[in-house]
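# Coordinates in review
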Amino acid sequence: MIYVVGLGPGGPEQITPRALSALEKCDLIVGYKAYIELVRPIFEGRKELVASPMKRERDRCEEALKLSLSGRTVGLISSGDPGIYGMAGIMLEVARDKTEVEIIPGITAAASSASILGAPLMHDFAVISLSDLLTPWELIERRLRAAAEANFVICIYNPASHGRPDHLARAAAILMETLPGGRAAGWVRNAGRDEESFGLTTLDGLKEAPIDMFCTVIIGNSVTRVINGRLITPRGYRHPADGEN
């Protein structure tokens, strides 16, 4: 048996009871080394913890399958939700019909970051990753333009890293082909963890924000506003300005 478990933002209080219950059933827990450290305080000395480096997702899943087929119950962990840029899809592809796999959802970065900024996801929104490790940049550009044209609130995952420090600036420039630079926006770093920080800005102002790989960025739609220091998108479907870019 393999449980693919979402840990949420990272704080132990944000791991769901269902996720903890699944991990308690496991003989060992497998994951990227940074995520293993998130559960170490809970399971150190009680569960075998197997860490692996970044960019070894398929190898991690194949190891989990091998361990499961040997008769052990395995927990494969992701931060956030395992079905959103996580391990669920790869694990299901690798396992096929060889062992039972159960997906345990978690709080994803879009939801946790939105709650810190206010309520920016109250209407239709798009989630776009700027990582071009698995997605060609040309396709990312098409998705950015389509989301801007459709007046979605836009939630950006993987906005920058050491290897691609200019991706967010490039994305903002693409969005500003359609959207005004003054569009309300916000960012959250290390949502739900001890080092949490956040800020409100504008689409054009994102280029000055301290954005890195630990951040999530949210860009409002045409009716998103900052009210009393909170980023808010009205819920109504017939707001006078809705539908305008």
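One can find the structure itself at the top, above this paragraph.
The structure contained in this document is the topic of the report that follows. (Residues numbered from 1 in each chain as written. Predicted model: local features only at pLDDT ≥ 70, side-chain atom pairs only at ≥ 80, totals over all residues. Heavy atoms only, no water.)

## A closer look at the packing of helix α3 (residues 57-69) against helix α4 (residues 88-95)
Packed helix pairs are characterised by how far apart their axes lie and by the angle those axes make with each other. Viewed as axis vectors pointing N to C, α3 and α4 meet at an angle of 50°, and their least axial separation amounts to 9 Å. The angle between α3 and α4 places the two elements in the oblique class. Regarding α3 and α4, the two cross each other, and that crossing is right-handed. Between α3 and α4, the contacting residues are E57, R58, C61, E62, A64 and L65 on the first element and I90, M91, E93, V94 and A95 on the second. (Axes fitted to C-alpha atoms, helices over the stretch in contact; angles between N-to-C directions. Helix = DSSP H or I, 4+ residues; strand = E, 2+ residues; numbered from the N terminus. Parallel < 35°, antiparallel > 145°, perpendicular 65-115°, else oblique. Left-handed = near helix turned anticlockwise from the far one by under 90°. Contact = heavy atoms within 4.5 Å.)

## Comments concerning the state of the cysteines
By the definition in use, this model includes 0 disulfides. Here C61 is not disulfide-linked; the sulfur of C26 is the nearest cysteine sulfur, at 14 Å. Residue classification places C61 among the buried positions, given a relative accessible area of 0%. Unpaired in this structure, C155 has its nearest cysteine sulfur neighbour in C215, at a distance of 12 Å. (Disulfide = S-S within 2.5 Å. Buried < 20%, exposed > 50% of the residue type's maximum accessible area, 1.4 Å probe, protein only.)

## Quick notes on the sheet that holds strand β6 (residues 118-119)
Across the sheet, which stays open at both edges, the 3 strands sit in the order β6-β13-β12 with mixed pairing between neighbours. Across the chains shown, the open sheet's two edge strands, defined by having one partner strand only, are β6 and β12 (225-227). Relative to strand β13 (residues 230-232), β12 is paired through 3 bridges, and the arrangement is antiparallel. Residue I227 lies in a different strand from β13, and its bridge partner there is R230. (Pairing = 2+ DSSP bridges.)

## Re the nonpolar core
Formed by 26 residues in total, the largest nonpolar core has its most connected members in L130, L144, L175, I211, V217 and I219. Contributing elements (two or more residues each) for this core: β7 (125-129), α6 (137-149), β8 (153-157), α7 (167-175), β9 (184-189) and β11 (215-219). With residues up to four places along the chain from it excluded, the contact list for V217 reads I154, C155, I156, P159, L168, G186, W187, L206 and I211. (Core = buried A, V, L, I, M, F, W, Y, C linked by side-chain atoms within 4.5 Å.)

## Concerning the sheet that holds strand β3 (residues 48-52)
If you walk across this open sheet you meet the 5 strands as β3-β2-β4-β1-β5, and the pairing is parallel. Two strands bound the open sheet, and with one partner strand each, they are β3 and β5 (101-104). Within the sheet, the average angular offset between the axes of one strand and its neighbour, ignoring direction, is 20°. Bridge count for strand β1 (residues 2-6) against strand β4 (residues 74-78) is 5 bridges, and the pairing is parallel. Residue pairing in the sheet places V5 in a bridge with I77 of β4. Contacts from helix α2 (residues 33-43) reach β2 (28-32), β3 and β4 within the one sheet, and its direction differs from that of β2 by about 145°.

## Things to note about the pattern of salt bridges
Think of it this way: side chains of opposite charge can pair up when their charged atoms draw near. Summed over all chains, the structure comprises 11 salt bridges. Note that E44 is salt-bridged to R40, the shortest N-O span being 3.1 Å. Judged by relative accessible area, E44 falls into the partly exposed class, the value being 48%. On the basis of relative accessible area, R40 is assigned to the partly exposed category, the value being 25%. In this structure, R189 and D212 form a salt bridge, with 2.7 Å as the shortest nitrogen-oxygen distance. Residue R189 is located in strand β9, and its partner D212 is located in the loop between β10 (197-202) and β11; the two are separated by 23 residues in the primary sequence. Taken together, the shared-partner salt bridges in this structure form one network comprising E37, R40 and E44. (Salt bridge = Lys/Arg side-chain N within 4 Å of Asp/Glu carboxyl O.)

## Regarding α4
In an α-helix, one turn spans 3.6 residues; hence positions three or four apart end up facing the same way. A88, M91, V94 and A95 are the residues of α4 that are buried. End-on, the buried residues of α4 take up no more than an arc of 135°, which puts them together on one face. Tucked inside the fold, the buried residues of α4 contact β1, α3, β4 and β5. Once α4 finishes, R96 follows within two positions and takes phi at roughly 50°, a positive value. (Arc of directions from axis to C-beta.)

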